[in-house]
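Results of the structural survey
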Amino acid sequence: STLLYNINEKAIVIAPPHLTDQRDEYREKFAFDAEVFSSWSVDKALQYDIESIHKAWIILIDEAHKYRNADTIDYWYLHQICQWKKVILLTATPFNNKPDDIFNLIKLFQIPNKPTIHTNKWLLIDFSHLQKQYDELRKTQNRDENDDFVHDAQLRSIAQQIRQLIWSVVVRRSRVD
């Protein structure tokens, strides 16, 4: 909320249904220019974005991990809304997913073959490689139950590689923070 206030640009906020009233209260309390939509109404947010005379330039998505599946209609709506805008994703579970899930979230604010995230290669290649490692690991994990320690270490390695790829766009806060 204070983030949107400080950025001082028109925003679209997409939040879980049980949080839309709270987000509206924040919008009024902090006096920032935003339209709040339920995550059940992403299509309405897209329609608003298309029809609005005063375009929103910031998209804030609360509980963004719910949009990790690029094969859903809501993801498609959201992807259309996010085009050429600043995107803020809020989530409490960013690393509890497979590499493709994280990549799908990144694609909401990055063009895969022209990323602004600095990596050694293209994001698409990096994440394809990590997803392949992850898939292979999952296949072998069920075959050899004695190697749980090795599998866990490999999963941690994949998670660490993902963290290295996205460190420049992640702001991590814990309850202590």
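As a starting point, this report considers the structure included with it. The residue numbers shown here count from 1 along each chain, following its written sequence. Local features in this predicted model are restricted to residues of pLDDT 70 or higher, and side-chain atom pairs are both shown and tallied only at a pLDDT of 80 or more, whereas totals for entire chains, interfaces and linings draw on every residue. The basis for every side-chain value is the complete set of heavy atoms in the structure, and neither hydrogens nor water enter the calculation.

Spatially, β2-β1-β3-β4 is the arrangement adopted by the four strands of the open sheet, whose pairing is parallel. Both outer strands of the open sheet, β2 (34-38) and β4 (86-90), are each paired with one neighbouring strand and no more. Going from strand to strand, the sheet's axes swing by 15 degrees on average, the running direction of each strand aside. Strand pairing follows a simple DSSP-based rule, namely that at least 2 bridges must link the two strands. Secondary structure elements are taken from DSSP: a helix is a run of H or I of four residues or more, a strand is a run of E of two residues or more, and numbering for both begins at the N terminus. With four bridges joining them, strand β1 (residues 11-15) and strand β3 (residues 58-62) adopt parallel strand pairing. Along β3, the bridge assignment pairs Ile 14 with Ile 61. Seen against the sheet, helix α2 (residues 20-30) touches β1, β2 and β3 and runs at an angle of roughly 175 degrees to β2. For helices, the fitted axis covers only the stretch in contact; all axes are lines through C-alpha atoms, and the angles between them, taken along N-to-C directions, range from 0 to 180 degrees. Two residues qualify as a contact provided that any one of their heavy atoms is within 4.5 Å of a heavy atom in the partner residue.

Attention shifts here to unusual backbone geometry. Its identity as a non-glycine residue notwithstanding, Asn 8 has a phi of 60 degrees, on the positive side. Mapped onto the elements, Asn 8 comes out in the loop between α1 (2-7) and β1. Burial here depends on accessible area, computed with a 1.4 Å probe over protein chains only, as a share of the maximum for the residue type. Under 20% is buried, over 50% is exposed, and the range in between is partly exposed. Given the relative accessible area of 65%, Asn 8 is considered exposed. We note that Glu 63 has phi near 55 degrees; this positive angle belongs to a residue other than glycine. One can find Glu 63 in the loop between β3 and α4 (73-82).

Moving on: the pairing of β3. Counted residue by residue, β3 has five buried out of five residues, so it is predominantly covered. Pairing between β3 and β4: five bridges, direction parallel. From the neighbouring strand, Asp 62 faces β4, where its bridge partner is Leu 90. Here is how to tell: hold the view so the strands point away, follow the path from the first strand over the helix to the second, and if it runs clockwise the crossover is right-handed. Read as a crossover between parallel neighbours, the route from β3 over α4 to β4 is right-handed.

We now examine the pairing of β2. Burial runs high along β2: four of the five residues are buried. With α2 bridging β1 and the parallel β2, this β-α-β connection has right-handed handedness.

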